[in-house]
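# Architecture at a glance
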Amino acid sequence: QVQLVESGGGLVQPGGSLRLSCAASGSSFSINPMGWYRQPPGKQREMVAAIRSGGSTNYADSVKGRFTISRDAAKNTVYLQMNSLKPEDTAVYYCYVRSGRYYQNTDWGQGTQVTVSS
């Protein structure tokens, strides 16, 4: 059974930084696509960042240049370094991992709240 546990959320002032972590268990996900989505208050969930087995990454336009996704394959963990945070980054952040022969399955973490406010 896949389990994803996020940590690192909290309250930060505009311009500040946070680092989210997502630890996966239940299998080895060293080559599986993983990433982050977020859901701002009253809005739909949106893609933030993704990382693939070869290390290639992609980002939402709204976070390019400010957020960095990385992974530690040995620890089955994916990270999201968030810098220059803005109030509009306030959201619940969810990590995910794709699995299955064609990566057709998606498992989600429980989410971690990020609030950017002065």
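Here we summarise the structure given alongside this text.

Our next topic: the overall build of the protein. Regarding its fold elements, the protein presents zero helices and eleven strands. In the protein, the succession of α and β elements from N to C terminus is β-β-β-β-β-β-β-β-β-β-β. The C-alpha radius of gyration of the protein comes to 14 Å, within 12% of the 13 Å expected for a compact globule of 118 residues. Considering only C-alpha atoms, the protein reaches an extent of 45 × 25 × 25 Å along its principal axes. For the protein, the residues scored as buried account for 42% of the 118 residues in total. In the protein, of all internal contacts separated by at least 6 residues, the share reaching a separation of at least 24 is 54%.

The full count for this structure, using the stated rule, is three aromatic pairs. Judged by centre distance (5.6 Å) and plane angle (75°), the ring pair of tyrosine 37 and tyrosine 96 falls under edge-to-face. Separated by 59 residues along the polypeptide, tyrosine 37 in strand S4 (residues 34-39) and tyrosine 96 in strand S9 (residues 91-99) bring together distant segments of the chain. Both residues of the pair, tyrosine 37 and tyrosine 96, belong to the buried class. Look at tyrosine 96 and tryptophan 108: their rings are 5.6 Å apart centre to centre, the planes differ by 55°, and that puts the pair in the tilted class. You can see tyrosine 96 sitting in strand S9 and its partner tryptophan 108 sitting in strand S10 (residues 105-108), a full twelve residues away along the chain. For tyrosine 96, a relative accessible area of 4% corresponds to the buried category. Accessibility expressed as a relative area gives 35% for tryptophan 108, which makes it partly exposed. Members of the aromatic cluster, each reached through a chain of ring pairs, are Tyr37, Tyr96 and Trp108. The lysine or arginine in question, arginine 19, covers the ring of tyrosine 79, its NZ or CZ lying 4.0 Å from the ring centre. The lysine or arginine in question, arginine 45, covers the ring of tryptophan 108, its NZ or CZ lying 4.7 Å from the ring centre.

Before going further, it helps to examine the pairing of S4. For S4, a buried count of five out of six residues is recorded, marking the element as mostly surrounded by other parts of the structure. With five bridges joining them, S4 and strand S5 (residues 46-51) adopt antiparallel strand pairing. Across the sheet, methionine 34 pairs through a bridge with isoleucine 51, a residue of S5. Counting the residues that bridge the hairpin from S4 to S5 gives six residues, and of these glycine 42 lies at a positive phi of roughly 75°. With six bridges joining them, S4 and S9 adopt antiparallel strand pairing.

What counts, and where the lines are drawn
- Residues numbered from 1 in each chain as written.
- Predicted model: local features only at pLDDT ≥ 70, side-chain atom pairs only at ≥ 80, totals over all residues.
- Heavy atoms only, no water.
- Helix = DSSP H or I, 4+ residues; strand = E, 2+ residues; numbered from the N terminus.
- Rg over C-alpha atoms; globule rule 2.2 N^0.38 Å.
- Buried < 20%, exposed > 50% of the residue type's maximum accessible area, 1.4 Å probe, protein only.
- Contact = heavy atoms within 4.5 Å.
- Phe/Tyr/Trp six-rings, centres within 6.5 Å; stacked < 30°, edge-to-face > 60°.
- Lys NZ or Arg CZ within 6 Å of the ring centre and 35° of its normal.
- Pairing = 2+ DSSP bridges.

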